Amino acid sequence: MTPRPPSDDSPKKNGAKKPATGKKAAVQKTAAQQTEAGKAAEGKPAAKAPERSAGRKPAGSKGTKSAKKAPEPASAGGPPAPAGATPAPADTPPTATGTAADHLSNPATPYVGSPPRADVVPVFAGLGPGDRERLLSGTHHDPHGVLGAHPVPGGVAFLAFRPYALGVTVVTDDLRAELHDDGDGFFSAVLPLRAVPDAYRLLVAYEETVQDTEDAYRFLPSLGELDLHLLGEGRHEQLWQALGAEPMTHQGVTGTRFTVWAPNARGVRLAGTFNFWDGTGYPMRSLGSTGVWELFVPGIGEGELYKFEITRPDGSRTLRADPMARRTEVPPRTSSIVHTSHHTWHDEEWMAGRGKRPAHEAPFSVYEVHLPSWRPGLTYRQLAQQLPAYVADLGFTHVELMPVAEHPFGGSWGYQVTGFYAPTARLGTPDDFKHLVDALHQAGIGVLMDWVPAHFPRDEWALAAFDGRPLYEHADPRRAAHPDWGTLEFDFGRREVRNFLVANAVYWCQEFHIDGLRVDAVASMLYLDYSRQPGQWTPNEHGGREDLDAVAFLQEMNATVYRRNPGVVTIAEESTAWDGVTRATHHSGPGGFGGLGFGLKWNMGWMHDSLDYVQHEPVHRKYHHHEMTFSMVYAYSENYVLPISHDEVVHGKKSLVSKMPGDWWQQRATTRAYLGYMWAHPGKQLLFMGQEFAQGAEWSETHGPDWWLLDPAYPAEADHRGVRDLVRDLNTVYRHTPALWEQDTDPSGFQWVVGDAAEDNVFAFLRLDAEGTPLLAVSNLSPVVRHAYRLGVPDSVPAWQETLNTDSARYGGSDVTNPDVVKPEPQAWHGRPASIRLTLPPLATVWLRPA
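Just so you know, these numbers come straight off a predicted model, no measurement behind them. The residue count restarts for each chain, going from 1 along the sequence in the order it is written. Whole-chain, interface and lining totals are the exception, using all residues; otherwise, since this is a predicted model, local features are given only for residues with pLDDT of at least 70 and side-chain atom pairs are given and counted only at 80 or more. Heavy atoms from the whole structure form the basis of all side-chain values; hydrogens and water molecules are not counted.

Draft legend 1. Focus on helix H8 (residues 430-442). Here a helix means four or more residues in a row that DSSP labels H or I, a strand means two or more in a row labelled E, and each is numbered from the N terminus. Here a helix's expected span is defined as the number of its residues, less one, multiplied by 1.5 Å. Helix length check: H8 (13 residues) gives 18 Å between terminal C-alpha atoms against 18 Å at 1.5 Å per residue, within 8%. To sort residues, take the accessible area from a 1.4 Å probe on protein chains only and compare it with the maximum for the residue type: under 20% means buried, over 50% means exposed, and anything in between is partly exposed. Counting buried positions along H8 yields eleven of 13 residues, so the element is predominantly enclosed. Those residues of H8 that fall on the buried side of the exposure criterion are Pro430, Asp431, Asp432, Phe433, Lys434, Leu436, Val437, Asp438, Ala439, Leu440 and His441. Glycine 444 sits one or two residues past H8 and shows a positive phi near 80°.

Written out as structure tokens, the structure is:
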């Protein structure tokens, strides 16, 4: 991924206002004229106009020392009269005025007149060389302690740092005073005031324009003591409300608070469209031991682009996107954007009811979607017009969105994240994404989101070595470098990093009403030796291979998410036999670890085994029969989801239907039989887009599903429509049959009828709801019809009726069915007192329920 320069190529806004008109223009023009007039009165030459327009510095360039005249040395009797008091503008109404001495003795007397006498205002040392150099080099930790207005004996010292300005004038209700040009962009004066004004403004004159603004350096810190305490403890569960860019009203003034965690930085400055990407005049202050830097900028609002200019420990500088940015530019551009949400939610009914039944005891069938390619070219709002209706028609209870958080490389499918708090701008704004979630909820569809806390890319404008040293990544290079993906792993042992990630999980659920997080690559987090050879990793304190920091992080994340967002579910993509993935965090297992606290876990073992079985020719399947039955050995060790995900239909693995052997008819028939078996098997279901209509090609993020296969003009359209009709019916029967989901995690909800019919390629089992009402599922994965196939059944059911048959003609099958009610015979079979005889269609799954 090639890093991009900051967005100085798209300055949509800037700090210098357009020339005003009318009375305001007259005032501004007078102020600029007075700047020159004041200098002429002192015998100084007028400031030479820089060779640029409107005071703008070339974008991306660094601060340089001004060629303006330095202040003259103080005389023995005191400093020179500050270039402060200037005559009132011509259009200012006359007011009662007094001398400087009058004003010092009675602050209510406005001071507008000649410069005060040297014996009235004491000596002011001004900006020391150390402070001056630190401000110019971007390494000052406390610019507010120097800049702004500060009381001094006999008056108030004003100091402004405005590179490229021609002049700066301080304006209060009672005072208008021009500051002295000290060179290098510094302007100062001591004014005869008894106290620092509660409010004042700066008129900053540039070529052809004057900026009328509040002084950013007159404000107190905009983070409270509780925020700072929680930040220091790594316990700020709403971190996005403390860090990042937050439009707000502070001390009665509207603007934006910028905060960033950079504890190793020698200094941090703010750069953006509002200052032409030159952060020289916008140094941020360090808020003590928290490592947080802060600056409230008046007059800056949503839509502004920004980054942080960080001075590293070695003195070099780096321009970084905000790790907490809630909105970003469209990649490949990389700037952060000040954002305020204006979305009004309309999903109250959904939110009120989503937690009434735990996910593992509820119907839960998931349609996995890659939003950018589901219908290529659609925005979030356009997707909201199509996706909810499509998913609702197919009967899925949830969609699972592949990572939505901002990522620089589309080919990563979102699994290499740089903007953890920002939905990708490729499809619209954060509010547009909220609109999509809202529309799905209103259609009765839950929204799951893939979340990637395991690692992040090395792009030099993002998180990697953020402040010049390892910060988000582990300090040990062996722990930091992910061996498979060329990325960096988070340092889960650092409390601030854990806080960043835990709060991020809460953020998506709270701010975007996400109903669940499917956590990616959990196995790579849990093991120190994951994809590493001996000598490439160090054992934990107990000599084991478990990453104890990652375990603690996952436990904290799950506990926090469930506590703060009732009704959500977290799902682990964990490909090993780690004990207790879905066990409560306070319950220890045989290994001594508490559970990780997830609600559900992807059953990767079932996926690999079952797909391996169906890819064999039917004549060879009897040798692999155990691959379909082994899942029941461990089916209740965790709360499982059965995933046929994007990972199984890319990179040469073929689409689902193309995995199946035989001709086109056999491929479709086996796919239908497999889906019927999957929907009946204990566990929840997940199916990736395109597989619901038997797409023959692998998925590609560049063009998405082959929707043209469903075009009525396509000769084989009925074949693909038939598979989609089956998926719709599977979901419909599933949702209305509690036996298929109510006891997914309870062994009493499953009974084998026959699990050892390897010669026949037949599997039969019962699913039961909490009241014992059964559903009989029978799969015949051989290409022959089996007539009068006897199966043992409970004698408590007087008759059975076929409720779904994947060989039905409407699905594209041969229509071998059991149309009549089937009554048990008093002949014991398969260890049961009664039995029924069925006609088993070829390569098909049949469901029967009590008649």
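Structure's up, so let's keep going.
Draft legend 2. View of the packing of aromatic side chains. Only Phe, Tyr and Trp rings take part, Trp by its six-membered ring, and two of them pair if their centres are within 6.5 Å. Stacked means planes under 30 degrees apart, edge-to-face means over 60, and tilted covers everything else. Enumeration according to the criterion identifies 46 aromatic pairs in this entry. Aromatic side chains tyrosine 613 and phenylalanine 763 sit 5.7 Å apart centroid to centroid with 80° between the ring planes, which places their arrangement in the edge-to-face category. Taken together, the positions of tyrosine 613 in helix H13 (residues 604-614) and phenylalanine 763 in strand E30 (residues 762-768) put the pair 150 residues apart, joining distant regions of the chain. Looking at tyrosine 613, the relative accessible area reads 0%, which means it is buried. The aromatic ring of tryptophan 374 is capped on one face by arginine 375, whose charged end is 5.5 Å from the ring centroid. In this scheme, the term charge over a ring applies when either NZ of a lysine or CZ of an arginine sits within 6 Å of the ring centre and within 35 degrees of the ring normal. We note lysine 434 situated over the ring of phenylalanine 512; from NZ or CZ to the ring centre the distance is 5.3 Å.

Draft legend 3. Structural view of the environment of glutamine 510. Looking at where glutamine 510 falls in the secondary structure, it is placed in helix H10 (residues 495-511). You can call glutamine 510 partly exposed: its relative accessible area is 24%. For the pair glutamine 510 and valine 561, spaced 51 residues apart in sequence, the C-alpha to C-alpha distance is 9.3 Å.

Draft legend 4. How the structure looks around unusual backbone geometry. Across the junction of proline 331 and proline 332, the peptide omega takes the value 15°, indicating a cis bond. In this fold, proline 332 is placed in the loop between strand E15 (317-320) and strand E16 (336-337). Of note in this structure, alanine 465 is not a glycine but carries a positive phi near 40°. Here alanine 465 lies in the loop between strand E22 (455-456) and helix H9 (477-480).

Draft legend 5. Just empty space enclosed by the protein, in detail. Within this scheme a cavity is a closed region of a 1 Å grid, computed over the protein atoms alone, that accommodates a 1.4 Å probe without allowing it to escape, whereas a pocket is open but has protein on both sides within 12 Å along at least five of seven lines; lining residues each have an atom within 4 Å of a point. Grid points are joined across faces, edges and corners, and a volume is the space filled by probe spheres set on the points. Under the counting rule described, the total for this entry stands at nine cavities of 30 Å³ or more. Of the volumes computed, that of the second largest cavity is approximately 110 Å³. Together, Leu231, Gly232, Gly234, Leu239, Leu243, Trp261, Thr290, Val292, Tyr472, Glu496, Asn499 and Phe500 line the second largest cavity. Broken down by secondary-structure element, the contributors of at least two residues to the lining of the second largest cavity are helix H4 (225-233) and H10. Looking at which element gives the most residues to the lining of the second largest cavity, the answer is H10, with three residues. Classes in brief: Ala, Val, Leu, Ile, Met, Phe, Trp, Tyr, Cys and Pro nonpolar; Asp, Glu, Lys and Arg charged; the others, Gly included, polar. Looking at the lining of the second largest cavity, its residues break down into seven nonpolar, four polar and one charged.

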